[in-house]
Amino acid sequence: MAHVLLVDDDPLQLDLRRLILERAGHTVQTAETAQEAIERSVGCDVAVMDLIPRHSELSAALPAETRVIVLSGRHPQPGLRADLILMKPCPSKQLLAAIDSHGLPR
Amino acid sequence: MASRKRVAALLLTNLILFECHAPPPKKDEPPTPEAKAYVANLKLSEVALQANESYGGQVVTEIDGKITNTGNRTVVRAEVACVFYDSINQLILRERVPIVKTPLKPGESRAFRLPFDDIPSSWNNQMPQLVIAQIRLS
């Protein structure tokens, strides 16, 4: 199971995603802002992040070994650090499969 | 923007204390005789179904409720199988999920929340059966 940092500025989505990921056995940290996410990113295997304000700064600040899954309703700008891009709406099964294939500890 | 809608709270007829109609998934071990004997001491209450209509354009259905340990043992884990049916009572989704993951002492109650975003569209929109499928005692 992975240590997941879940980043979204919508608290409802953040809460529901957290419940579903925890149910699947992952350890989940949540953050609503880039600053919170940077502070909580130590030791996370994978960051699942929406394109929140200052997301570029956040992705650059994440530990090098952290895999980054961008989960958003819009396409990110080219060059953004991302191992995988998922578009919303994204069923949780798809996100869990992505974490299994991209986010497990290396 | 989220809008939440209470759909139903009537539940007692949908609660079954131990599953007997289907075997558990292979990856899940079956309950021990001791666990089976104890399951009557776990009470589910205040169970309600609600839909969150804002989830990146997706509808998420959430089951909320409370579990109480009325027995004299500490429960370290409990799982329920949530069984969804269609309009002609065919089983369309069965998902086994933990509702107790840290010790629940005798007399203690705890709220649980179970969100689902993968219920087939043929679902009858009724409260699923909640079946206590596994418990582990300390």
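Parameters and conventions
- Residues numbered from 1 in each chain as written.
- Chains lettered and ligands numbered in written order.
- Predicted model: local features only at pLDDT ≥ 70, side-chain atom pairs only at ≥ 80, totals over all residues.
- Heavy atoms only, no water.
- Helix = DSSP H or I, 4+ residues; strand = E, 2+ residues; numbered from the N terminus.
- Salt bridge = Lys/Arg side-chain N within 4 Å of Asp/Glu carboxyl O.
- Buried < 20%, exposed > 50% of the residue type's maximum accessible area, 1.4 Å probe, protein only.
- Contact = heavy atoms within 4.5 Å.
- Buried area = accessible area lost by both parts, 1.4 Å probe.
- Nonpolar A, V, L, I, M, F, W, Y, C, P; charged D, E, K, R; others polar.
- Pairing = 2+ DSSP bridges.
- Right-handed = clockwise from strand over helix to strand, strands pointing away.

Student: It is not clear to me how the environment of Leu16 of chain A should be interpreted in this structure. Could you clarify?
Tutor: Summarising the element assignment, Leu16 of chain A is placed in helix H1 (residues 11-23). The spacing of Leu16 of chain A and Ile85 of chain A is 69 residues in sequence and 20 Å in space, taken between C-alpha atoms.

Student: Help me understand the pattern of salt bridges, please; the structure alone is not making it clear to me.
Tutor: Applying the stated criterion to the full structure yields 15 salt bridges over all chains. Notably, a salt bridge pairs Arg18 of chain A with Asp15 of chain A, separated by 2.7 Å at the nearest N-O pair. On the criterion of helical spacing, the pair formed by Arg18 of chain A and Asp15 of chain A is a turn pair, its members being three residues apart in helix H1. A relative accessible area of 22% places Arg18 of chain A in the partly exposed class. Taking the shortest distance from any N to any O, the salt bridge between Glu22 of chain A and Arg18 of chain A comes out at 3.0 Å. Here Glu22 of chain A pairs with Arg18 of chain A, and both are found in helix H1, just four residues apart, close to one helical turn. Relative accessible area serves as the criterion here: at 24%, Glu22 of chain A is assigned to the partly exposed category. A single network of salt bridges, built from pairs that share partners, joins Asp15, Arg18 and Glu22 of chain A together with Glu62 and Arg113 of chain B.

Student: Any chance you could explain the interface of chain A and chain B here in plain terms?
Tutor: When the parts of a complex come together, some accessible area is lost, and that lost area is often used as the size of the interface. At the interface, 16 residues of chain A touch 20 residues of chain B. Taking both partners together, chain A and chain B bury about 1500 Å²; carbon and sulfur atoms supply 55% of that area. The largest per-residue losses of area from chain A upon contact with chain B belong to Leu12, Leu16 and Arg23 of chain A, which jointly make up 44% of the total buried on that side. Along the contact surface separating chain A from chain B lie three salt bridges. In this structure, Arg23 of chain A and Glu95 of chain B form a salt bridge, with 3.1 Å as the shortest nitrogen-oxygen distance. Elements represented by at least two residues in the side of chain A that touches chain B include exactly H1 and helix H4 (92-103) of chain A. Per-element tally for the side of chain A that touches chain B: the top contributor is H1 of chain A, with nine residues. Class assignment of the residues belonging to the side of chain A that touches chain B gives a composition of seven nonpolar, two polar and seven charged.

Student: Help me understand the pairing of strand S4 (residues 67-72) of chain A in this model?
Tutor: Side chains on a regular strand alternate between the two faces of the sheet. All names here are of chain A. Extensive coverage of S4 is indicated by the burial of six of its six residues. Here S4 shows a buried face lined by Arg67, Ile69 and Leu71 and a second buried face lined by Val68, Val70 and Ser72. Bridge count for strand S3 (residues 46-49) against S4 is four bridges, and the pairing is parallel. Paired with Met49 across the bridge in S4 is Val70. With respect to chirality, the unit in which S3 leads through helix H3 (residues 55-61) into the neighbouring parallel S4 is right-handed.

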